[in-house]
Amino acid sequence: ATLIAVARRLSLQAGRAGHRLCHKHREALKLFCEEEQSPICLVCRESQAHRGHSVVPIEEAAEEHKEKLQAHVQVLKDRREKLLGLKKAEEGKSL
């Protein structure tokens with residue numbers, strides 16, 4: 001659920017130069033604050049709120065989170081296949 005929430009925050013919506021804008025500074029959200037798990041603009045990066053935080057380019061953070069989501073999806077697909085196999089075996093036994 002946390003990864004999905006982060007992915008939603010990272011999704012880019014139409015805005016100036018194809019980026020979402022910071023509500024506070026009206027600047028493009030080009031960075032991702034690792035501590036806050038949210039996109040930030042360059043002005044926010046220099047603010048007291050994020051000055052000591054680890055920050056990466058938003059594209060890099062999006063790629064990392066995308067890879068994590070894909071790994072989780074694969075685990076869920078594998079579990080689903082296993083459960084479907086067990087269900088089919090049990091249905092065969094009951095017949």
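One numbering rule holds for all chains: residues counted from 1, following each sequence as written. pLDDT decides what is reported in this predicted model: residues at 70 or higher carry local features, side-chain atom pairs at 80 or more are listed and counted, and totals for whole chains, interfaces and linings draw on all residues regardless. For the side-chain quantities, the full set of heavy atoms in the structure was used; hydrogens and water were omitted.

**Q** Where do I start with a negative patch on the surface in this structure?
**A** Taken together, the side chains of E60, E63, E64 and E67 present a region of like negative charge at the surface. Mapped onto the secondary structure, E60 falls in helix α3 (residues 58-94). Surface patches are defined over residues having more than 30% relative accessible area and no salt bridge, joining like charges when they lie within 9 Å and nonpolar side chains (Val, Leu, Ile, Met, Phe, Trp, Tyr) when within 5 Å. Residue exposure ignores everything except the shown protein chains as possible cover, and the areas themselves are Shrake-Rupley values with a 1.4 Å probe. The salt bridge criterion pairs a side-chain nitrogen of Lys or Arg with a carboxyl oxygen of Asp or Glu, the two atoms within 4 Å. Within this scheme the basic residues Lys and Arg register as positive and the acidic residues Asp and Glu register as negative, but His and the chain ends are omitted. Taken as the charge centre is NZ of Lys, CZ of Arg, CG of Asp or CD of Glu, depending on the residue. Secondary structure is summarised from DSSP: a helix means a run of H or I of at least four residues, a strand means a run of E of at least two, and numbering begins at the N terminus for each.

**Q** Help me understand the nonpolar core, please; the structure alone is not making it clear to me.
**A** Grouped burial of nonpolar side chains is what soluble globular proteins tend to show. Nonpolar core, defined: a set of buried Ala, Val, Leu, Ile, Met, Phe, Trp, Tyr and Cys residues in which side-chain atoms within 4.5 Å join the residues together. Working definition: with a 1.4 Å probe on protein chains only, accessible area under 20% of the residue-type maximum means buried, over 50% means exposed, and in between means partly exposed. C22, L29, L31, C33, I40, C41 and C44 together form the largest nonpolar core, which totals seven residues. In what follows, residue pairs with any heavy atoms lying within 4.5 Å of each other are defined as contacts. Ignoring anything within four residues of it in the chain, the contact list for I40 reads A28, L29, K30, L31, C33, R45, H50 and V55.

**Q** How should I be thinking about unusual backbone geometry in this particular structure?
**A** Peptide bonds are trans in most cases, and residues, glycine excluded, mostly fall at negative phi. With phi around 60 degrees, R26 is a residue other than glycine that occupies positive phi space. Along the chain, R26 turns up in the loop between α1 (2-10) and β1 (31-33). Here the phi dihedral of Q37 falls at roughly 55 degrees; this positive angle occurs in a residue that is not glycine. Judged by relative accessible area, Q37 falls into the partly exposed class, the value being 21%.

**Q** Explain the side chain of H50 to me, please; I cannot follow it from the model alone.
**A** By secondary structure assignment, the location of H50 is in the loop between α2 (42-46) and β3 (55-57). On the basis of relative accessible area, H50 is assigned to the buried category, the value being 11%. Those residues in contact with H50 that lie beyond four places of it in its chain are C33, E36, I40, C44 and R45.

**Q** Help me out: how do you make sense of the sheet that holds β3 in this one?
**A** Sheet strands pair by backbone hydrogen bonding; their relative direction is either parallel or antiparallel. Strands qualify as paired when DSSP identifies two bridges or more between them. The strand order β2-β1-β3 describes an open sheet built from three strands, whose pairing is antiparallel. Of all strands in the sheet, those with a lone pairing partner are β2 (38-40) and β3, marking the two edges. Within the sheet, the average angular offset between the axes of one strand and its neighbour, ignoring direction, is 40 degrees. The pairing of β1 with β2 spans three bridges and is antiparallel. A fitted line through C-alpha atoms represents every axis, and for helices the fit uses only the stretch in contact; the resulting angles, taken between N-to-C directions, go from 0 to 180 degrees.

**Q** Got a minute to help me understand α3 in this structure?
**A** Residues that lie three or four places apart on an α-helix share one face, since the helix turns once every 3.6 residues. For a helix, the expected span equals 1.5 Å multiplied by the residue count minus one. In this model α3 runs 53 Å from its N-terminal to its C-terminal C-alpha over 37 residues, within 8% of the 54 Å that 1.5 Å per residue would give. Along α3, the positions that sit buried rather than exposed are I58, A61 and H65.

**Q** Please explain the pattern of salt bridges as it appears in this structure.
**A** Close approach of charged atoms allows side chains with opposite charge to pair. This structure, assessed with the given rule, holds three salt bridges. E81 serves as the salt-bridge partner of R80, at 3.9 Å between the closest nitrogen and oxygen. You'll find R80 and E81 in the same group, each marked exposed.

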